[in-house]
Each structure stands twice: as structure tokens, then as C-alpha cells.
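What the coordinates show
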Amino acid sequence: MAAANRLLRARARGSSLSSMAAYVRSLSSAVFSESDLRVPSSLPHKPLSFRRDPKDRNVQWVFLGCPGVGKGTYASRLSNLLGVPHIATGDLVREELSSSGPLSQQLAEIVNQGKLVSDEIIIRLLSQRLEAGEAKGESGFILDGFPRTIRQAEILEEVTDIDLVINLKLREDVLLEKCLGRRICSQCGGNFNVASIDIKGENGSPGMYMAPLLPPPRCASKLITRSDDTEEVVKERLRVYNEMSQPVEGFYRSRGKLMEFDLPGGIPESWPKLLQALNLDDHDDKQSAAA
Ligand SMILES: Nc1ncnc2c1ncn2[C@@H]1O[C@H](COP(=O)(O)OP(=O)(O)O)[C@@H](O)[C@H]1O
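Residues numbered from 1 in each chain as written. Predicted model: local features only at pLDDT ≥ 70, side-chain atom pairs only at ≥ 80, totals over all residues. Heavy atoms only, no water.

1. Let's talk about the pattern of salt bridges
Selection criterion: For this document, the term salt bridge refers to a Lys or Arg side-chain nitrogen within 4 Å of an Asp or Glu carboxyl oxygen. Under the DSSP-based scheme used, a helix requires at least four consecutive residues in state H or I and a strand at least two consecutive residues in state E, with every element numbered from the N terminus.
What the rule picks out here adds up to 18 salt bridges. For the salt bridge of Glu157 with Arg255, the shortest nitrogen-to-oxygen distance reads 3.7 Å. With a gap of 98 residues between them, Glu157 in helix α7 (residues 150–159) and Arg255 in the loop between α10 (231–253) and β10 (258–262) connect regions that are remote in the sequence. We note a salt bridge from Arg239 to Glu236, for which the minimum N-O separation is 2.9 Å.

2. Structural notes on the sheet that holds strand β5 (residues 182–185)
Spelled out, the test is: By this definition, two strands are paired if DSSP reports at least two bridges between them. The contact definition used throughout considers only heavy atoms, calling two residues in contact when any of these lie within 4.5 Å. A fitted line through C-alpha atoms serves as each axis, taken over the contacting stretch for helices, and the angle formed by two N-to-C directions is quoted from 0 to 180°.
Taken in spatial order, the three strands line up as β6-β5-β9 in an open sheet, and their pairing is antiparallel. If you trace the sheet from one side to the other, it starts and ends with β6 (191–193) and β9 (223–224), each paired once. Against the sheet, helix α8 (residues 172–181) engages β5 and β6, with an angle of about 25° to β5.

3. Things to note about the confidence of the model for the chain
Under the convention used in this document: Note on scores: pLDDT gives the predictor's confidence for each residue, bounded by 0 and 100.
Looking at the chain as a whole, its pLDDT mean stands at 83, while 79% of the residues score no less than 70. Predicted confidence in the chain is weakest over helix α1 (residues 2–12), with a mean pLDDT of 35, and strongest over strand β4 (residues 164–169), with 98. Predicted confidence for residues 1–16 stays below pLDDT 50, and this span has 32 contacts to residues more than four positions away or in other chains. Contacts for the low-pLDDT stretch residues 30–50, under 50 throughout, to residues beyond four places or in other chains number 40 contacts. Interface confidence in the predicted complex, given as ipTM, is 0.98; pTM for the same model is 0.83.

4. Some details on the nonpolar core
Selection rule: Definition of nonpolar core: a set of buried residues of the types Ala, Val, Leu, Ile, Met, Phe, Trp, Tyr and Cys, connected through side-chain atoms within 4.5 Å. Burial classification: accessible surface area is computed with a 1.4 Å probe over protein chains only, and a residue below 20% of its type maximum counts as buried, one above 50% as exposed, and the rest as partly exposed.
If you look at the biggest cluster of nonpolar residues, it comprises 61 residues, and the most contacted ones within it are Leu78, Ile166, Tyr252 and Leu274. Discounting residues that sit within four places of it in the chain, Leu78 has contacts with Trp61, Phe63, Gly83, Ile142, Ile166, Trp271, Leu274, Leu275, Leu278 and Leu280.

5. Overview of the side chain of Gln60
So the rule is basically this: In protein, a polar contact requires one atom able to donate a hydrogen and another able to accept it; more generally it is a pair of N or O atoms within 3.5 Å, and residues adjacent in sequence count only if both atoms are side-chain atoms.
Within the secondary structure layout, Gln60 lies in strand β1 (residues 60–64). Separated by 2.9 Å, the side chains of Gln60 and Thr160 make a polar contact.

Okay, structure coming up:
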């Protein structure tokens, strides 16, 4: 009952992102700090509505897609264009991993096996991030890597309105190569990709070209590979995606929120097409192309 009261208090607080964070946090403690730590199959109450009118806030979008598809790349570009935070739960997990906090050992084992972190932990990390953002005056978000289970999608649906879900798609053989080619600069955190994809079209099916995204010389000697970007772990992550996360596509499709986007190639080809599909204009990109 105390858990239910906490939920109601959090819901009554208002309609901002902090109330979403507070609600999600209270939900995670309501659901998970009980002694048995069992996840109930349904929420304890039908939530009261505390949604904000979309015209009073920034966009609330979600990126779905397999590992290596480019969610981070396109979510980060859109976040710069629209001035909303790009929140990647994979980044939150990696930050926690490198913090040597109490969770880090447990998380390392899960992530390095290509498995999903529990809904409880991921919701805690996300709600902490949302609260910190709200304190800085953030409004709206582009979520990348969340929700990844139906349960996570249901919780998100309980607390706020997602305006749009962009489902990025790419053929599976390319996904593996792209994950194996990923590199991160250990100094500036920049993301690069050394894979050069050049698949010839055959029997009527189109080819695909994706140029490598090479680092500038200052990063070249500082590149590292994520410990979960090995062939064995990527294959397991793809399997886990198909089993646990693909149903989330159907969840949003049935609510009329899913936009499917087949990536036609690398960034130069895909970015303008994605903007077109979203009815957006990248003024800076056009200027730099014209320069
Ligand atoms: N929403 C989530 N639910 C459960 N685990 C997650 C979630 N987001 C990230 N993770 C964990 O962090 C790892 C890295 O995530 P991410 O950087 O999004 O990788 P990917 O390249 O597979 O999309 C995942 O394999 C998983 O262990």
C-alpha cells in the first residue's frame, strides 16, 4: 500500500519531465524495492493522466533498431538539429560500468554476454538521467535503446506520450560488420566506424555502399573497441533483439506511432532521406554542402 501511495503522490505532482522521472523512479522502487524483488505482471494502478500538451514541450521521440543499425548516429544528429537531449540507455549503462559503483561488476557480466540489463536497473538509470536533465531545464528527448522490452514500453506509455517511434532497418549481414567496425575515441568519446561496406546488387536486389566513418588524425591513435562488439557477443545481441525488442515494434505499430525507415546506405545518402521522411530541414547541413 505504501508503494501505491508513493505512486499516487508522484503522479499528482504535475506534468513535467521531472514528474515523469519521479513517477518512473517511484514505480521502480514501488515495484522493485519490495523484499521479494519480483516484477508484477501489471502496474498497481491505472495512472492518472499528467501528460503535457505537445505544443508546450519539445519532441518526445524513440529510436528502435538492431545493434549497429545507427540509432546513436541519427539520434544524435536529430538531437543537435532539434535542440533536445539524446538519451542513450547504452551510454548510461557504460557510464555506470566505468564508475566502479556497486552495480558495475554485475552490469559488466550482463553486457559482455550480450544480454539485457534488468528492467529495474535500466529504469533507475533512465530516471536519474531524466531528473538531472529536468534540473538543467531540459524539455523533450530522443531516446535511443529504450524501450527494449514490452514491459519497458508499457511503463513509458504509462508515464508520458511518445510522439513518434522511428524504426531504423538494415540488412543483418551489414549490422554485424558495422558493429565489428565500431571504434570510440578514448579521449573525446567520438564514435567512428572503420567498416567499409560495399555489397554488389544481385538478382534484382539492390547493392549497398557505406563508406567508413574515419576519425580525424588527433583521435586515430586513441581508438578503442567496445568490449561487447566481438562477433560472438554481437550475434547474441542480435538474437536477443529479435526475441525481446522486436515485439516493441509491434507495440508501437498497433498504436499508430511507428515510422519504418530502411536505411538506403551511409550517412550522406540516409540523412537527407530521413529528414525528408520527418518533414525536417537541416539548414546547417545544406550550408556546409554548398560551401
Ligand atoms: N533498455 C535497455 N534494457 C536493457 N538493457 C539495456 C538497455 N539499453 C542498453 N542496455 C544494455 O546495454 C548494452 C549496450 O546497449 P547499446 O549501446 O544500446 O547497444 P546496441 O549497440 O546493442 O544498440 C546492451 O547490450 C544491454 O546490455
